[in-house]
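One letter stands for each residue in the lines below.
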Protein chains: 2
Amino acid sequence: MENKAFQEYYPNDLSHCYGCGTLNAHGLQIKSYWDKDESVCVYTPMPYHTAIPGIVYGGLIASIIDCHSTGTAAAAKYKTENRAMDTLPPLRFVTASLNVNYLLPTPLDCPLEVRGKVKAIKGRRVVVESRLIADGKVCATGEVVAVQMRENMMPTNTKK
Amino acid sequence: MENKAFQEYYPNDLSHCYGCGTLNAHGLQIKSYWDKDESVCVYTPMPYHTAIPGIVYGGLIASIIDCHSTGTAAAAKYKTENRAMDTLPPLRFVTASLNVNYLLPTPLDCPLEVRGKVKAIKGRRVVVESRLIADGKVCATGEVVAVQMRENMMPTNTKK
């Protein structure tokens, strides 16, 4: 895997996201990487990210899947354009839809691994499927339809 | 609307959820009420709940819709059983699936209102549809399939 996460390539003005922004001190700061043809993100929940005692809160799972998927969409689009991820203009994606299926209660006391796969790239839309693995079991699956942000939606200064 | 929120009826041992537990000091502590045949929850995001500057983080929207919907499912089930919400054994729901469609960027500087409607109750499953309104506009819609927890999934002491 590469040493630099997808999110570490985002320009500063696009790095304030609660889920994945490297500049959001209150946020989750998730980090995503390529691992061959899959993207992977490992996040260890805090003790207070609980649903019922010992079980991870479903909203956290949705949040990680969301940001990991939009990050994967961006990284995939850079690849298809044969561009390095730090080249301008930035390619960033927002979520059009997020679907999560909760298959098993997710244990709180271990790292959560989310693995994503690009299912389709069509114009500005990228569909990313993912699964969340905890303690060796797939506890949730997700599908995100991500849409590339138009430049006029971006903050005015998107330089790094 | 009633003065006491659905979540304030939950037994202490089921009140640690990051999204809606009244005993989770780090959590969102969302509160849901009946308003005629709809359930309503109003949450004002913190400045750090951002996606891009000025816009609410989608994972927060998913989290509010999730907890508001499982709370609505429980409240609806108590209704169908003609039971007060503080009677034992408690009726609590977990999320089987969560679908969110993001229709418009959601502004960060105003309260977010989520309104839920029970679409179906079938055995232990309750389907709740919802919409998130900010500044007078429907910015997202959600559908949650909630499943009633079995008593053996609950923490051992569920007394209030």
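Residues numbered from 1 in each chain as written. Chains lettered and ligands numbered in written order. Predicted model: local features only at pLDDT ≥ 70, side-chain atom pairs only at ≥ 80, totals over all residues. Heavy atoms only, no water.

Trainee: Which residues make up the relation of the copies chain A and chain B, and what values do they have?
Mentor: Once chain A is rotated about the relating axis by 180 degrees and shifted along it by 0.0 Å, it coincides with chain B to within an RMSD of 0.0 Å. Given the turn and translation reported, the copies of this chain are related as if by a two-fold rotation axis. Taking C-alpha positions as reference, the residue of chain A nearest the rotation axis is A:N99, located at 2.2 Å. Comparing interface residues between copies, 100% of those in chain A also lie at the interface in chain B; the contact surface is shared. (Least-squares fit on C-alpha atoms with pLDDT ≥ 70 in both. Contact = heavy atoms within 4.5 Å.)

Trainee: Talk me through the pairing of strand β1 (residues 32–35) of chain A; I want residue IDs and the actual numbers.
Mentor: All names here are of chain A. Where β1 lies against strand β2 (residues 38–43), 4 bridges are found, and the strand directions are antiparallel. By the bridge assignment, W34 is partnered in β2 with S39. Between the antiparallel neighbours β1 and β2 lie 2 residues, among them K36 with a positive phi of about 60 degrees. (Pairing = 2+ DSSP bridges. Helix = DSSP H or I, 4+ residues; strand = E, 2+ residues; numbered from the N terminus.)

Trainee: Give a detailed account of helix α1 (residues 58–80) of chain B, specifying residues and quantitative values.
Mentor: All names here are of chain B. Under the 1.5 Å per step criterion, the end-to-end length of α1 is 33 Å for 23 residues, consistent within 8% with the ideal 33 Å. The buried fraction of α1 amounts to 21 of the 23 residues, a majority that puts the element mostly inside the structure. Just downstream of α1, N82 is the residue with a positive phi angle, here 50 degrees. (Expected span 1.5 Å × (residues − 1). Buried < 20%, exposed > 50% of the residue type's maximum accessible area, 1.4 Å probe, protein only.)

Trainee: Break down the packing of aromatic side chains for me, citing the residues and quoting the values.
Mentor: Each pair of aromatic rings is reported with the distance of its centres and the angle of its planes. The final tally for this structure, using the stated rule, is 6 aromatic pairs over all chains. Between the aromatic rings of A:Y18 and B:Y48, the centroid separation amounts to 6.0 Å while the plane-to-plane angle is 25 degrees, which identifies the pairing as stacked. Of this pair, A:Y18 sits in the segment before β1 while B:Y48 sits in the loop between β2 (38–43) and α1, on two different chains. Given the relative accessible area of 26%, B:Y48 is considered partly exposed. The aromatic ring of A:W34 is capped on one face by A:K79, whose charged end is 4.0 Å from the ring centroid. For the cation-ring pair, A:R92 lies above A:Y10, with the distance from its terminal atom to the ring centre recorded as 3.8 Å. (Phe/Tyr/Trp six-rings, centres within 6.5 Å; stacked < 30°, edge-to-face > 60°. Lys NZ or Arg CZ within 6 Å of the ring centre and 35° of its normal.)

Trainee: Please provide a residue-by-residue account of the side chain of B:S39, values included.
Mentor: All names here are of chain B. Note that S39 resides in strand β2. Looking at S39, the relative accessible area reads 0%, which means it is buried. Among the polar contacts listed, one links the side chain of S39 to the side chain of T72, at a separation of 2.7 Å. S39 has contacts with F6, Y33, W34, H68, T72, V114, R115 and G116, leaving out every residue within four places of it along the chain. (Polar contact = N/O pair within 3.5 Å; in protein donor to acceptor, adjacent residues only side chain to side chain.)

Trainee: Could you give an account of the environment of A:T72, naming the residues involved and the relevant values?
Mentor: All names here are of chain A. Assignment of secondary structure puts T72 in helix α1 (residues 58–80). For T72 and F93, which are 21 residues apart along the polypeptide, the C-alpha to C-alpha distance reads 9.2 Å. Setting aside anything within four residues of it in sequence, one finds T72 in contact with F6, W34, S39, V118 and V128.

Trainee: Outline the sheet that holds β1(A), supporting the account with residue identities and numerical values.
Mentor: Strand order across the open sheet formed by 12 strands is β1(A)-β2(A)-β4(A)-β5(A)-β6(A)-β3(A)-β3(B)-β6(B)-β5(B)-β4(B)-β2(B)-β1(B), with antiparallel pairing between neighbours. Strand pairing shows two members of the sheet lacking a second neighbour, β1 of chain A together with β1 (32–35) of chain B, which therefore form its edges. Strand-to-strand twist in this sheet, taken as the mean axis angle between neighbours without regard to direction, amounts to 25 degrees. As defined by bridge partners, strand β4 (residues 112–122) of chain B adjoins strand β5 (residues 125–134) of chain B across 10 bridges and the pair is classed as antiparallel. Residue pairing across strands places B:L112 opposite B:A134, the latter belonging to β5(B). Each of β1, β2, β3 (93–102), β4 (112–122), β5 (125–134) and β6 (137–148) of chain A together with β3 (93–102) of chain B is contacted by α1(A), which is oriented at about 135 degrees to β3(A), the strand it contacts most. Together, β3 of chain A together with β1, β2, β3, β4, β5 and β6 (137–148) of chain B form the strand contacts of α1(B), whose direction differs from that of β3(B) by roughly 135 degrees. (Axes fitted to C-alpha atoms, helices over the stretch in contact; angles between N-to-C directions.)

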